[in-house]
Amino acid sequence: MEKGGDSEEKRREKAIDEWLPITSDRNAKWWYSTMHNVTAMVGAAVLSLPYAMSEMGWGAGVTVTLLSWIITFYTIWQMVEMHEMIPGKRFDRYHELGQYAFGDKLGLWIVVPQQIIVEVSTCIIYMVTGGKSLKKFQEILFPNAKPIKLTYFIMIFSSFQFVLSHLPNFNSISSVSFVAAILSMTYSAIAWTVSLKELGKSEREVSYGPKSEKISDNVFMFLSALGNVAFAYAGHNVVLEIQATIPSTEDAPSKKAMWKGVFTAYIIVALCYLPVAFIGYWVFGNGVDDNILLTLHRPTWLIATANIFVVAHVIGSYQVSFTTFNYSQTSL
């Protein structure tokens, strides 16, 4: 027989779940998981992977890139399994899992500050990236126009987020996430296919050696590259909340559908990341920019299209990250 306190706590949790847009509508399908995970992971950071390769070299670059894929694939599997590791309980939010592992108070202090830092930093980066890509798009199409400050482009990007933030629940942004996932695959394909077209056309010699003669500089660049690769493989910050939207029964627990979606998403991630990283570095070597789209110049219309695709994708990525984080903290 349930104790009065336990019964009251369960009623409270149920009321919160029914109110929060993240869990009020648990009818997502496995392909929703694919879309949201691709959108959350395959961000504009994929375009910096060739530059990260140039700071590490072939051996370390290939090793780190592949290991990062394997490690994140394994750890996301752990998160999917832990979502319902306690019968009758779903860990829909990170702080709940942290509280179960470390205690009610310590769990919050360990998880929430880190989650806030990651999510706020991610949203800031998305806003800056969206603004930069809008600015680049404008400069390509209207090279003779009066320059506009980056601040204004960031404000334009933010206005899109303000409108989309009023959507009622997480599943309602599935169409936004679907478009964002398609566009992320598209601009990744543009990046490596156009790079291949420029193979051998550069007037300068392609170099794959150390970028600096100083060991200390190379060490710092290597550490910076590790950070770029780690950020490119970010996406675990929304895994529990994505799985929270999937229905679950004893015969068909949510982890089955979630894992199917995650597996498909990670195949897509590999098809996006590895060609961009390896082909981009192979073609341009140490001459590649920190965003490979800045290194590419022809055809102009295609590069402009890729930049606007980055903007559209980052709009979706921002919504997935912001929505999950916002309602995760609301339940505290």
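In what follows, the structure referred to is the one given above.
Here we summarise the structure given alongside this text. Since the structure is predicted, the reported quantities are computational estimates derived from the model, not experimental observations.

Formed by 72 residues in total, the largest nonpolar core has its most connected members in Leu47, Tyr233 and Tyr273. Look past the residues within four positions of Leu47 in its chain and what remains in contact with it is Tyr187, Ala191, Asp290, Asn291, Ile292, Leu293 and Val310.

Roughly 1,300 Å³ of volume is contained in the largest pocket. Looking at the lining of the largest pocket, the elements with two or more residues in it are helix H2 (30–41), helix H3 (49–82), helix H4 (94–102), helix H5 (104–141), helix H8 (215–232) and helix H12 (300–330). With 16 residues, H5 is the single largest residue contributor to the lining of the largest pocket. Classifying every residue of the lining of the largest pocket gives 24 nonpolar, 20 polar and 5 charged.

Position of Glu96 among the secondary structure elements: in helix H4. In this structure Glu96 comes out as buried when scored by relative accessible area, which is 14%. Not counting residues up to four positions away in its chain, the partners in contact with Glu96 are Lys89, Arg90 and Phe91.

Moving on to a nonpolar patch on the surface. On the surface, Trp58, Leu196, Leu199, Tyr208 and Trp282 cluster together into a nonpolar patch covering about 430 Å² of accessible area. Tracing the sequence through the fold places Leu196 in helix H7 (residues 174–197).

The subject of this paragraph is H8. The terminal C-alpha atoms of H8 lie 26 Å apart, and with 18 residues this matches the ideal 26 Å at 1.5 Å per residue to within 8%. Among the residues of H8, Met221, Ala225, Val229 and Ala232 are the ones counted as buried. The arc that holds the buried residues of H8, viewed along the axis, is 80°, so those residues lie on one side. Looking at H8, the residues exposed on the side facing more than 90 degrees away from the buried face are Phe220 and Ala230. Lining the buried residues of H8 we find H2, H3 and helix H10 (254–284).

Let us now look at the side chain of His83. Secondary-structure assignment places His83 in the loop between H3 and H4. The exposure class assigned to His83 is buried, which follows from its relative accessible area of 0%. Of the polar contacts made by the side chain of His83, one reaches the side chain of Arg90; its length is 3.2 Å. In this view, His83 contacts Lys89, Arg90, Phe91, Asp92, Leu240, Gln243, Ala244 and Ser254; residues no more than four positions away in its chain are not counted.

For the rest of this paragraph, the subject is the packing of aromatic side chains. One pass over the full model with this rule turns up 13 aromatic pairs. Here the aromatic rings of Trp58 and Tyr208 are separated by 5.8 Å at their centres, their planes lie at 50°, and the arrangement is tilted. Remark: Tyr208 occurs in the loop between H7 and H8 and Trp58 occurs in helix H3; sequence separation between them is 150 residues. Exposure remark for Trp58: the relative accessible area of 32% places this residue in the partly exposed category.

Let's shift gears to the packing of H5 against helix H6 (residues 150–164). Two numbers describe how H5 lies on H6: the axes approach to 8 Å, and their chain directions differ by 115°. Relative to H6, the element H5 is oriented roughly perpendicular. The two elements H5 and H6 cross, and the hand of that crossing is right-handed. Listed contacts from H6 to Tyr126, Met127, Val128, Gly130, Gly131, Lys132, Leu134, Lys135 and Gln138 of H5 are Leu150, Phe153, Ile154, Ile156, Phe157 and Ser158. Split into classes, the residues belonging to the contact of H5 with H6 amount to 9 nonpolar, 4 polar and 2 charged.

How each quantity is defined
- Residues numbered from 1 in each chain as written.
- Predicted model: local features only at pLDDT ≥ 70, side-chain atom pairs only at ≥ 80, totals over all residues.
- Heavy atoms only, no water.
- Core = buried A, V, L, I, M, F, W, Y, C linked by side-chain atoms within 4.5 Å.
- Buried < 20%, exposed > 50% of the residue type's maximum accessible area, 1.4 Å probe, protein only.
- Contact = heavy atoms within 4.5 Å.
- 1 Å grid on protein atoms, 1.4 Å probe; cavity = no way out; pocket = protein on both sides within 12 Å on 5 of 7 lines; lining within 4 Å.
- Points joined across faces, edges and corners; volume = space filled by probe spheres on them.
- Helix = DSSP H or I, 4+ residues; strand = E, 2+ residues; numbered from the N terminus.
- Nonpolar A, V, L, I, M, F, W, Y, C, P; charged D, E, K, R; others polar.
- Patch = residues over 30% accessible without salt bridge, like charges linked within 9 Å, V, L, I, M, F, W, Y side chains within 5 Å.
- Areas by Shrake-Rupley, 256 points an atom, 1.4 Å probe, with all protein chains shown as cover.
- Salt bridge = Lys/Arg side-chain N within 4 Å of Asp/Glu carboxyl O.
- Expected span 1.5 Å × (residues − 1).
- Arc of directions from axis to C-beta.
- Polar contact = N/O pair within 3.5 Å; in protein donor to acceptor, adjacent residues only side chain to side chain.
- Phe/Tyr/Trp six-rings, centres within 6.5 Å; stacked < 30°, edge-to-face > 60°.
- Axes fitted to C-alpha atoms, helices over the stretch in contact; angles between N-to-C directions.
- Parallel < 35°, antiparallel > 145°, perpendicular 65-115°, else oblique.
- Left-handed = near helix turned anticlockwise from the far one by under 90°.

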